[in-house]
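Close look at the chain arrangement
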Amino acid sequence: MSETVDFSEIGRLPLPGDNVAIATRTLPVGTIVERDGVSFALSHTVMEGHRFACAPIEAGGELLSWELPFGVALVDLAPGDYVANEKMLAELRIRNLDFELPAGPNFRDVRMEYVMAEETFVPGEQVDLVEQPGTFQGYDRGPARGSGTRNFIVVMGTTSLTGSFAKQLAARFKNVSEEWPNVDGVVAVAHTEGGTDERQNNHEIVMRTLAGFMVHSNVGAILAVDSGSGPIDNDVLKAFLEAGDYPLADVPHAFFRHERGLGVDLDRAEKTVGDWLPAVNACERTDRPLAHLKLAMQCGGSDAFSGISGNPLSSEVAKTILRHGGSANLAETTELIGAENYVLNNVRDLETARAFLGQIERYDALARRHGQSAEGNPSGGNLYRGLYNIVVKSIGAAMKKHPDVRLDRVVEYGERMDEPGYYFMDSAGNDLESIAGQVACGCNVVHFITGNGSITNFPFVPTVKIVTTSGRYELLRNEMDIDAGRYLDGEPMERLAKEAFDYTVEVASGLESVGEAAGHSQVQLWREWRQTGDDGVEKVLAAPVPDGRPLALAPQEAELADIDLDAFRIPAWRIEGRVALERIGLIAPTSLCAGQIAAGIAERLSTVGPTDGIDRFVALPHTEGCGTSRGYAEDLFVRTMIGYLRHPSAARALLLEHGCEKTHNDEFRVNLRKAGLDASRFGWASIQNDGGIEAVTTRVMNWFEAEGQGGQEPERTEVGLEGLCLGLAAVGPIPAGVARGVAAVVRAMVGRGGSVVIGENVLSLASKELSEALFGENADVLPVSLAYGQGVEQPGLHLMDTPTRNALETVAGLGGCGVNAVVALGRGGDPGHPMLPVIQCVWDGATDEGQGRVRLDLEASQQVVAQQLVAGLVEALQPDRLSSLSGGLADFQITRGWLGISL
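Residues numbered from 1 in each chain as written. Predicted model: local features only at pLDDT ≥ 70, side-chain atom pairs only at ≥ 80, totals over all residues. Heavy atoms only, no water.

So, the sheet that holds strand S12 (residues 152-157)
One open sheet holds the 4 strands; their spatial order is S13-S12-S14-S15, and the pairing between them is parallel. Pairing within the sheet leaves two strands with one partner each, and these edge strands are strand S13 (185-189) and strand S15 (253-257). Within the sheet, the average angular offset between the axes of one strand and its neighbour, ignoring direction, is 20°. Judged from the 6 bridges that link them, S12 and strand S14 (residues 219-226) form a sheet pairing that is parallel. Note on S14: the bridge partner recorded for Val154 is Ile222. Running over the sheet, helix H5 (residues 203-214) touches S12, S13, S14 and S15 and is turned about 140° from S14. Here helix H6 (residues 234-243) sits on the sheet and contacts S12, S14 and S15; the angle it forms with S15, its principal contact strand, is near 155°. (Pairing = 2+ DSSP bridges. Helix = DSSP H or I, 4+ residues; strand = E, 2+ residues; numbered from the N terminus. Axes fitted to C-alpha atoms, helices over the stretch in contact; angles between N-to-C directions. Contact = heavy atoms within 4.5 Å.)

A word on the nonpolar core
Counting 91 residues, the largest nonpolar core has Phe52, Leu63, Leu313, Leu344, Phe356 and Leu407 as its most contacted members. With 9 residues, helix H16 (residues 493-508) is the single largest residue contributor to this core. The residues contacting Phe356, other than those within four sequence positions of it, are Leu336, Glu340, Val343, Leu344, Leu407, Val410 and Phe424. Core analysis: the second largest hydrophobic core is formed by 56 residues, Leu551, Val745, Ala748 and Trp843 among them. (Core = buried A, V, L, I, M, F, W, Y, C linked by side-chain atoms within 4.5 Å. Buried < 20%, exposed > 50% of the residue type's maximum accessible area, 1.4 Å probe, protein only.)

Comments concerning the pattern of salt bridges
Scanning all chains against the criterion turns up 45 salt bridges. Note that Arg616 is salt-bridged to Glu582, the shortest N-O span being 2.7 Å. Note that Arg616 is positioned in strand S27 (residues 616-619) and Glu582 in the loop between strand S25 (578-580) and strand S26 (584-589), a separation of 34 residues in sequence. Taking relative accessible area as the criterion, Arg616 reaches 16% and is therefore assigned buried. Judged by relative accessible area, Glu582 falls into the buried class, the value being 7%. The salt bridge partner of Glu875 is Arg881, with a shortest N-O separation of 3.5 Å. (Salt bridge = Lys/Arg side-chain N within 4 Å of Asp/Glu carboxyl O.)

Regarding helix H25 (residues 768-775)
Those residues of H25 that fall on the buried side of the exposure criterion are Leu770, Ser771, Ala773, Leu774 and Phe775. The arc that holds the buried residues of H25, viewed along the axis, is 165°, so those residues lie on one side. Against helix H23 (736-751), strand S32 (755-759), helix H24 (760-765) and strand S33 (797-800) lie the buried residues of H25. Among the residues trailing H25, Gly776 stands out with phi positive, at a value near 65°. (Arc of directions from axis to C-beta.)

Treat this as a map of the structure, not an account of what it does.
Structure representation (structure tokens):
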């Protein structure tokens, strides 16, 4: 017997003129819906947040939400029909659903082109100011910096090469607030950009962002750390700050160069930070005008209710802040495409409207140059929870701008907000990348509106998380601040808005937000893009696919050293025919937002003590899997991560999803099957769906404990270098003597049946002696034998595609290929890898402090250099040295290749 329900109990229309409704709960097939005296039955089971027709729609007719078109019917639709496009169906097919889906799509996406009628443009009006503006308890930073909502000391890595140093330094001050109560903490800002010797296409964006962080009102003092290399260093940053008239003199600060070795430099930097503590602690909260509040409005893990409950609630708070003379910042260019008409219904002047449309056109062009479009933005989690396409998502996202509020200014990513008002900032739709830009603009409190329950927080700006439905709030109440779902249950928006405003002011005044209490935060800058012309896509996609066959060595040169490997042996494990140097418990986050949680769980597992069959636990936080383009870049990412899941050192591996990303657990299950792997071999956990950080931590720890009780026991053995697969990376030029010594070792290993994978960029960095010693006259026409992160199936000498010259990205790709360890040729002192031993080979003038450094003598013969290298490698790869090689300064960064962009 089918249930009969009143429409008001199970459906929502964003506006009265809509012809499709949103289901407020999952409705079984055949459910009878009564609306305005008319009854109709649902054609299929309709998931919560998905849409069904509530009026007849003829084939070719428009489907409307918020009275705006998002699709065109392919067939006649009757009331009760489950509306579905191909993109949504494709996403649902890979999920474990227990009901039948429609056989095919019944509407196609449509994105109406917006053309502004300039001749009839009428300037808008901003909301009126209140008669008596309010105050909050904040930190007075002077007229140029405004007021802070927090009082942090920040350690900022100028590039990706010093991010891990910044994190280690901040960790030395973990409990600083116990002794210095007015200091909110010492936090690290680590990011992925600038870690190459080439000027990147996002150079100006990175500079604006770092400069904005330096003078942010929540910063009590800041230490900028560089490594003295590349196009971005402290000198460049300082010059940018001075040229842009940033009020750097108003901030206690220092520029620090990591150049003397890890231990020495950490001690030096620790003293600098420690000396600031008394002065920063002397700062106290005082009454500050609410006009100094600058609200960042961000959404992530959005669902069909984001535009109905969560975003409108935040818009009401922003409206009130504006009435007190403050500011608000809306961002995510790609997620307003399709909602231009709404955004521009109230705008300051024609110039501002043109600037907004110009940023959308610019982003469209950027996407096209990479073979993408804004239509690729909705994540798997978005689609799963009812956001069928970019237009539906954009219309809902635009609701963060209240219709009464005027768009006052349009700014670039990270451009400072010097005047009060409502801003739009150019950015990609990637949540973390967008937040970083808003913070650089000066935002001192963040509203993060989420449907699935994103747990994102920023290190030195408090985040208020607003969840769109009460069910999700109850599931994740330890991670969420405000339940906007109460509006769906009938509570007046006016009452909710007052509560949310008051809570926002309390947080700005020092109340710890839920996310701050959880102690979780991440930073990601808008990542670089590679294509600046219009013909790059065809060139990249036309490139031959690597076949995985090893490359042929040139005949042995008479003068090239013959290296004896017999005297060198390394303890190892052998399992299923493969050699592993360690037995690692691996936690693989399926997207960036799961990364820091994965790292925290790995750290917690490590403190509990060794698990049977596991030497240590490792997580691989990264920046991919959500808010990024599909196709080429996503294939590259998934291939690389699967390489780590099947790595010989990964004794047991668990995949940890955030829960709303593109590459969620179900998608990885599909890709593992395609790769010929049994998904049941791996553990699976979900931060959102398992109930938040503590709940998922318990689940992961229990899985590793249970899995530790069984499984195939590996065999302890010894191997020579020829029994391993080594990766070869480089940082900077490689002298001829070193190159020939390295070539001799490579030839010896490969000649005895071993494998060596060379990052393609090594050959461009090395003197010609390396490539000629290995490949002879064919050195200039070598094809790559492996794609980035492609597993080694046939032993021998391989060349791996390396789209960038970033050392971190090269090493990450080599790990995906399955190498046991990486030989890094260069200056020394650069970050290692969390999972792989990285042996840094250095020579005159290079940093060599610490374990894992092999010093090569440039004055010696290539025979001696080769022997030094072999002896150093074998010593470094002994069991008691491995954890120190992988620890210390360690980072993990996957390239986006030639076509990857943030969406």
